[in-house]
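What follows is the residue order along each chain.
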Amino acid sequence: MTTSSYRIAPSILSADFARLGEEVRAVVAAGSDWIHFDVMDNHYVPNLTIGPLVCEAIRPHVDVPIDVHLMVKPVDRIVADFAKAGANIITFHPEASDHVDRTLALIREAGCKAGLVFNPATPLDMMDHVMDKLDLVLLMSVNPGFGGQKFIPQALAKLRLARARVDDYQRETGRQILVEIDGGVKTDNIAEIARAGADTFVAGSAIFGARDPDGGYRGVLKQLRAALEAA
Ligand code: DX5
Ligand code: ZN
């Protein structure tokens, strides 16, 4: 796989929220492909973050896709709000929806790309009967709720399984499904993660933690890309 087919999506969970517009502009200017937007409800996950209002507020600052990761339960009611707020991609955890197929359809009807998110212990089987409604699958390599956690190494074996499933599907149908990884992605493990089958990489603390020294956001994005190039 060439580097151009890899996407890097900074998670704004680790950004300076008092200067969010500036922060998203800075990471996009530094070469990010997407903005990853973590929505937590203090119910499905033990933390509370941001909603459609903030999505709408950052939308005019960037022209790259906004990748909304919903860690909320229930899911359906909030989908249209995010679509209106300018989201391009919406993913959710199958455990958080009583009707996964319906939720995927709702996201697509709202004009967004749709994806399922798999927690570290969630089996991939949930994707089997909804492949035609999936634009991406997101594998969690930490338990959702917080930035700055350590990458769970078992996620690598799971990535290989997910990659095999989407590759089989692509061979049969010609349609591509992206494989995204989220949690603990750093410059020193991104190559191994790419080799295991990810094509889209969320990185929060690794990117926003590089605020000034060592070349700032541009520097860390360059290092991530160089590692991918070598993968
Ligand atoms: C965790 C979030 C992640 C998180 C990633 O629940 O879904 O997107 O912000 O942060 P890092 O890259 O610091 O693990
Ligand atoms: Zn996320």
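Thresholds, definitions, all that
Residues numbered from 1 in each chain as written. Chains lettered and ligands numbered in written order. Predicted model: local features only at pLDDT ≥ 70, side-chain atom pairs only at ≥ 80, totals over all residues. Heavy atoms only, no water. Helix = DSSP H or I, 4+ residues; strand = E, 2+ residues; numbered from the N terminus. Buried < 20%, exposed > 50% of the residue type's maximum accessible area, 1.4 Å probe, protein only. Contact = heavy atoms within 4.5 Å. Donors = N, O, S within 2.8 Å, 3.2 Å for Na, K, Ca; no water. Tetrahedral: all angles 85-135°; square planar, octahedral: opposite > 155°, others 65-115°. Pairing = 2+ DSSP bridges. Axes fitted to C-alpha atoms, helices over the stretch in contact; angles between N-to-C directions. Near = heavy atom within 4 Å. Polar contact = N/O pair within 3.5 Å; in protein donor to acceptor, adjacent residues only side chain to side chain. Areas by Shrake-Rupley, 256 points an atom, 1.4 Å probe, with all protein chains shown as cover.

## Here we look at the side chain of Thr103
Okay, step 1: Structurally, Thr103 can be placed in helix α4 (residues 100-109).
Okay, step 2: A relative accessible area of 0% places Thr103 in the buried class.
Okay, step 3: Setting aside anything within four residues of it in sequence, one finds Thr103 in contact with Val75, Asp76, Phe92 and Ser97.

## Remarks on unusual backbone geometry
Okay, step 1: Cis rather than trans, the peptide bond between Lys73 and Pro74 has omega equal to -5°.
Okay, step 2: With respect to the helices and strands, Pro74 occurs in the loop between β3 (66-71) and α3 (76-84).
Okay, step 3: A positive phi angle is found at Asn42, which is not glycine, with a value near 55°.
Okay, step 4: By secondary structure assignment, the location of Asn42 is in the loop between β2 (35-40) and α2 (52-58).
Okay, step 5: Of the residues examined, Asn42 reaches a relative accessible area of 52% and is grouped as exposed.

## Comments concerning the coordination of the zinc ion (ligand 2)
Okay, step 1: Taken together, His36 (NE2), Asp38 (OD), His69 (ND1) and Asp182 (OD) make up the full set of protein donors to the zinc ion (ligand 2), lying 2.0 to 2.3 Å away.
Okay, step 2: Around the zinc ion (ligand 2), the six donor atoms sit at angles spanning 69 to 171°, and that spread fits a shape best called octahedral.
Okay, step 3: Looking at His36, the relative accessible area reads 0%, which means it is buried.
Okay, step 4: A residue is classified by how much of its surface remains accessible, and Asp38, at 5% relative accessible area, is buried.

## Some details on the sheet that holds β3
Okay, step 1: Pairing is parallel across the open sheet formed by eight strands, whose spatial order is β1-β8-β7-β6-β5-β4-β3-β2. Unpaired on one side and paired on the other, β1 (7-10) and β2 mark the two borders of the sheet. Along the sheet, successive strands turn relative to each other by an average axial angle of 25°, direction set aside.
Okay, step 2: Where β2 lies against β3, six bridges are found, and the strand directions are parallel. Bridged to Met40 within β3 is Met71.

## What about the environment of Pro65?
Okay, step 1: With respect to the secondary-structure elements, Pro65 resides in the loop between α2 and β3.
Okay, step 2: A relative accessible area of 29% means that Pro65 is categorised as partly exposed.
Okay, step 3: Pro65 sits 123 residues away from Asp188 along the chain, and the two C-alpha atoms are 26 Å apart.
Okay, step 4: With residues up to four places along the chain from it excluded, the contact list for Pro65 reads Asp33, Trp34, Ile35, Asn88 and Ile89.

## Examining the site of ligand 1
Okay, step 1: Taken together, 20 residues lie near ligand 1, and Asp38, Gly148, Asp182, Gly204 and Ser205 sit nearest.
Okay, step 2: Note that an oxygen atom of ligand 1 is positioned 2.8 Å from one of the backbone N or O atoms of Gly148.
Okay, step 3: Between Asp182 and ligand 1, the recorded distance is 2.7 Å, taken from a side-chain N or O atom to an oxygen atom.
Okay, step 4: Bound to the protein, ligand 1 loses 100% of the 380 Å² it would expose on its own.
Okay, step 5: Elements that contribute at least two residues to the shell around ligand 1 include exactly β2, β3 and β8 (200-203).
Okay, step 6: In terms of residues, the shell around ligand 1 owes the most to one element, β2, which gives three residues.

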